[in-house]
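Each chain, letter by letter, is given below.
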Amino acid sequence: MDRKRVVVIGAGPGGYVAAARAARLGAAVTLIEKKAIGGTCLNVGCIPTKVLLHSAELLNSLKSDAKRIGVLVDNPRLDWTALMKRKAMTVSRLAAGTLELVKSNGVEYVEGMAVITGKDTTRRVFTVAVGERTFEADALIIATGSEPDVPDTPGFDLGGVITSDEALSLDAPPPSMLISGGGVIGMEFAAAFASFGTKVTVVVTSPEILRSMDPESAVILRKALEKKGVTFHRGYSVKSVASGKEGLGKEGLEIIIESAADPKDEKKIEAEKLLVAKGRRPYTEGLGLDALGVKTERGRVVTDAHMETNVPGVYAIGDCVNSYMLAHVASKEGEVAAENILGGQTTMDYATTPGCVYTSPELASVGMTEREAEKKGHKIRVGRFALATNGKSMITGDNSGMMKVIADEDTKKILGVHMAGGPATEMISEAALALHFGGTPEDLVNTIHAHPTVYESLAEAASNVFAERG
Ligand SMILES: Cc1cc2nc3c(=O)[nH]c(=O)nc-3n(C[C@H](O)[C@H](O)[C@H](O)COP(=O)(O)OP(=O)(O)OC[C@H]3O[C@@H](n4cnc5c(N)ncnc54)[C@H](O)[C@@H]3O)c2cc1C
C-alpha cells in the first residue's frame, strides 16, 4: 500500500512535533515554514524570553542577595550585547537541533509560504502551493500559530509602541517602559526589564494581574514585582498615546490611561517604550482556508477532540485553534493529529495542562482553581503550605511563596495544584502526573520526597488538605 502523504503547514512546536510523529508512524511528510523553524516559541517566545529572565534573575540575586549569603561580587551589571549574543546563539543551536530532528525522521522540510489551493475531488487529494511548487496530500495539518494582538488604540502606530517580538531585540533596555496587559507575557517582561534597571509600569484592565491563574499566587507575584520597583495601575487601560516632549528620548511617549470603573479618572504616564501585551490572535492569513471551507470562529480554526476540522482529512493544532496558547499544548495536539491521521483514535485531554510563569518567584499551576472547581459543583478542601518554613526555601531565600492543593471532598481526588515560589515550573510536573493518574493528596503525601527540597512543601500542602478541619 502507498504511504500516506501528510503536509504540515507551520514549523512551530505544534507543526514540527506533528511532522516528526507522522513520519515515525510511516507517513511521507512535508513540513512547510515561511519564516524560521521553531516558530514563535523558539524565535520570539518561550526560549528567548527565558534567556532574558535567566540573566535577569542572576543579576538580581548578585545585586540583592550575594552579600547576604556571604558571596562578595564587585559591581555586578548587565552586558546587554553579550546577553543578546547568548539569546541568538541559544535560538540558533536549538533551531539546528530541531531541523536535525525533523530531517532525521525523514521529513521533507520546505521553506516558503504555503497556500492551500483546494481539493482534487476525483483523486481525493489536497493541493498546497509554495511559490511555483505544488504539493499533494492525503491529509493536512494546519499549524500556523498566532501573532500579537494589537488593539486599535489611538497612537499604537507610533514608533515607541512595541510588541513582544521587538521587546526581545531592543538596542538596549529602555530607561522606562509601560506594559499594557497583566498576563503571563506582560509579567515576564516586567520582571526581566525591572531587573535590567528599566522603570516599569504595568497597566492592567482587571483588578488583579494573571486573571486566569490562582488569585493568591497572582498577588504573591505582584507584590514581589512591586518590591523590585514595578508600578501597577490595576483596573485601568490605555486610552491613547502621543509622542512625548523633548527630553524623553527620541521615542518618548505620553500615555493616557483611564479607569475601567470611571472613564473620567485619567492619568498621564511618560515612558520611552510602550509594550502591548494584550494577548495573541490566531494567524491564518493568506493560507486559503476558504478554498476548503474550513470552519473558523473568531479567527480560530474549529476542531474536534481528534484535532480534525469540519473538513475530513484536514487537522489543525496549536495557537491557531481554540485551546490554550502554549507550546506544550501545541506539541501534544500535533501528536494527537498525527496519530489520528495514521489510523489512531487519540483524543486531546487538557485536564493536566500545566501553566507556568517564569518570573521570580516562579508561578505554576495545573488543574482547577478554587473558583473553577466550585463553579463546576465540587465541594472542595484546600491544603496550603507557606514556603517560609520550608528548609530549602529558607536556604535559597525564595521563601515568600506557597503551595496549594485543591481536592474534592467526596471523591478525595486532586482537582488542582497551584505553586508560587521555588522551582515551581519544574515541580508542577509532579502535580500534573498525580492529576493524570487520578491521584489524591494522600498519594502525594505517601510519595517520599527528598530532603531538603522545595518538593517537600508540596507533600506538606497535600497533608493539610483533609487535616485542616481535623
Ligand atoms: C513572548 C512569548 C513568550 C512565550 N512563552 C511561552 C512559554 O514559556 N511556554 C509556553 O508553553 N508557551 C509560551 N509562549 C506561547 C508559545 O510560543 C506558543 O503557544 C507556541 O509557539 C504555539 O506553537 P504553534 O506551533 O501553534 O505556532 P507558532 O509557534 O506560532 O508557529 C507557527 C509557524 O507557522 C508559520 N506559518 C504561518 N503561516 C504559514 C504559511 N501559510 N506557510 C508556512 N508557514 C506558515 C509561522 O511562520 C510560524 O513559524 C510564548 C509566546 C510569546 C509570544
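Refer to the structure above for everything that follows.
So, here's what we can say about the structure. Every chain begins its residue count from 1, and numbering advances along the sequence as written. Side-chain atom pairs in this predicted model are given and counted only at pLDDT of 80 or more, local residue features only at pLDDT of at least 70, and totals for whole chains, interfaces and linings cover all residues. Side-chain numbers here rest on the full set of heavy atoms in the structure, without hydrogens or water.

1. Examining the sheet that holds strand β5 (residues 125-130)
For step 1, the next point in the chain: Pairing between strands requires that DSSP locate at least two bridges from one strand to the other. In this text, helices come from DSSP runs of H or I with a minimum length of four residues, and strands from runs of E with a minimum of two, each type numbered from the N-terminal end. The three strands lie next to each other as β4-β5-β6, forming an open sheet whose pairing is antiparallel. Strands with a single pairing partner mark the edges of an open sheet, and in this sheet they are β4 (114-120) and β6 (133-137). Here the average twist between neighbouring strands, direction ignored, is 25°.
For step 2, the next point in the chain: Where β4 meets β5, six bridges bridge the pair, whose relative direction is antiparallel. Counterpart to Lys 119 in the pairing with β5 is Phe 126. Helix axes are fitted only over the stretch in contact, all axes being lines through C-alpha atoms; the angle between N-to-C directions runs from 0 to 180 degrees.

2. As for helix α6 (residues 184-195)
For step 1, the next point in the chain: A helix is expected to span 1.5 Å for every residue after the first. Across its 12 residues, α6 extends 17 Å between first and last C-alpha, which sits within 8% of the 16 Å expected from 1.5 Å per residue.
For step 2, the next point in the chain: For every residue, the accessible area obtained with a 1.4 Å probe (protein chains only) is divided by the maximum for its type, and the residue is called buried under 20%, exposed over 50%, and partly exposed between those limits. Along α6, the residues that are buried comprise Gly 186, Met 187, Glu 188, Phe 189, Ala 190, Ala 191, Ala 192, Phe 193, Ala 194 and Ser 195.
For step 3, the next point in the chain: Gly 197 occupies a position one or two residues after α6 and carries a positive phi of about 100°.

3. A look at the packing of helix α1 (residues 13-24) against helix α8 (residues 327-341)
For step 1, the next point in the chain: Here α1 crosses α8 at 30°, and the two axes come no closer than 7 Å. With respect to α8, the element α1 is oriented roughly parallel. Remark: the crossing between α1 and α8 carries right-handed chirality. For the pair α1 and α8, the contacting residues are Pro 13, Gly 14, Val 17, Ala 18, Arg 21 and Ala 22 in the first and Ala 327, Ala 330, Ser 331, Gly 334, Glu 335, Ala 338 and Glu 339 in the second. These descriptions rest on fixed angle ranges, namely under 35 degrees for roughly parallel, over 145 for roughly antiparallel, 65 to 115 for roughly perpendicular, and the rest for oblique. A clockwise turn of the near helix away from the far one marks a right-handed crossing, whereas an anticlockwise turn of less than a right angle marks a left-handed crossing. Residues are treated as being in contact if the distance between any of their heavy atoms lies within 4.5 Å.

4. Topic: the packing of aromatic side chains
For step 1, the next point in the chain: In summary, the pairing rule links any two rings of Phe, Tyr or Trp, Trp by its six-membered ring, whose centres are within 6.5 Å, and it sorts them by plane angle into stacked for under 30 degrees, edge-to-face for over 60 and tilted for everything else. What the rule picks out here adds up to five aromatic pairs.
For step 2, the next point in the chain: Ring plane angle 80° and centroid distance 5.7 Å describe the contact between Trp 80 and Phe 196, whose orientation is recorded as edge-to-face. A residue pair is termed long-range when its members are at least 10 positions apart, and Trp 80 in helix α4 (residues 80-104) and Phe 196 in the loop between α6 and β11 (199-204) qualify at 116 residues.
For step 3, the next point in the chain: Taking the relative accessible area as the measure of exposure, Trp 80 reaches 8% and is therefore buried.
For step 4, the next point in the chain: Between Phe 193 and Phe 196, the ring centres sit 5.9 Å apart and the planes meet at 90°, which makes this aromatic pair edge-to-face.
For step 5, the next point in the chain: For Phe 196, a relative accessible area of 10% puts it in the buried group.
For step 6, the next point in the chain: Three or more aromatic residues link up through ring pairs in this structure, and these residues are Trp 80, Phe 189, Phe 193 and Phe 196.

5. Notes on the side chain of Thr 163
For step 1, the next point in the chain: One can find Thr 163 in the loop between β9 (161-162) and α5 (164-167).
For step 2, the next point in the chain: The contacts of Thr 163, once residues within four sequence positions are left out, are Pro 148, Val 150, Leu 275 and Val 276.

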